[in-house]
Amino acid sequence: MISSQRKAHKFIWLGIVVIIPILLFFAIRDLEFSSPFAKNQLPQEELSVSLDRPLVKVHLHRPLKSPSVVVYELDSEGKRRAVLGQLQGVGTYTFSTTPKSKGILIFDEIKKEEHYKIEF
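Residues numbered from 1 in each chain as written. Predicted model: local features only at pLDDT ≥ 70, side-chain atom pairs only at ≥ 80, totals over all residues. Heavy atoms only, no water.

> What is the right way to look at the sheet that holds strand 2 (residues 55–60) in this model?
The strands that make up a sheet pair up through hydrogen bonds in the backbone, lying either parallel or antiparallel. A sheet is described by the order of its strands in space; here three strands give the open sequence 1-2-5, paired in antiparallel fashion. Only two strands of the sheet have a single neighbouring strand rather than two, namely strand 1 (47–52) and strand 5 (91–96). The sheet shows a mean angle of 20° between the axes of neighbouring strands, direction not considered. Inspection of the sheet shows strand 2 paired to strand 5 by six bridges, in the antiparallel sense. Bridge assignment links Leu60 to a residue of strand 5, and that residue is Gly91. (Pairing = 2+ DSSP bridges. Helix = DSSP H or I, 4+ residues; strand = E, 2+ residues; numbered from the N terminus. Axes fitted to C-alpha atoms, helices over the stretch in contact; angles between N-to-C directions.)

> What should I look at first to understand the packing of aromatic side chains in this one?
Two descriptors summarise a pair of aromatic rings, namely the distance from one centre to the other and the angle between the planes of the rings. What the rule picks out here adds up to three aromatic pairs. Pairing Tyr72 with Phe107 gives two aromatic rings, centres 6.2 Å apart and planes at 70°, and the pair type is edge-to-face. Of this pair, Tyr72 sits in strand 3 (residues 69–74) while Phe107 sits in strand 6 (residues 103–108), and the two are 35 residues apart along the sequence. Classification of Tyr72 as buried rests on a relative accessible area of 12%. The ring of Tyr72 has Arg80 lying over it, and the distance from NZ or CZ to the ring centre is 4.8 Å. Residue placement shows Arg80 over the ring face of Phe107; its charged tip is 4.4 Å from the ring centre. (Phe/Tyr/Trp six-rings, centres within 6.5 Å; stacked < 30°, edge-to-face > 60°. Buried < 20%, exposed > 50% of the residue type's maximum accessible area, 1.4 Å probe, protein only. Lys NZ or Arg CZ within 6 Å of the ring centre and 35° of its normal.)

Next comes the structure, spelled out in structure tokens:
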């Protein structure tokens with residue numbers, strides 16, 4: 001390389017060293033790292049429930065840890081009444097309830113543990 005090429009090469013690399021961090025800064029500063037979930041959801045941010053009698057909509061935002069989660073209807077005493085369905089993955093599930101329904105229970109059948117109990 002001759003002297004003029006070395007000098008041009010040096011200035012090009014110095015320009016690249018200065019320009020790339022500036023471009024990265026402007027690209028990163030507008031990124032949003034906050035949670036994509038709404039603030040009015042359950043604290044666990046795994047699911048949200050909306051009631052539109054006689055329908056109950058359960059929206060799973062991320063997968064539950066248990067693969068065998070069943071949704072039950074709750075009676076006036078807060079006990080399991082009838083099976084509404086099963087939650088299998090992320091998505092929106094719509095269940096039909098009876099007028100006597102006072103809430104839903106999301107229950108793991110394998111571990112026999114309660115995940116969520118939502119009363120209306």
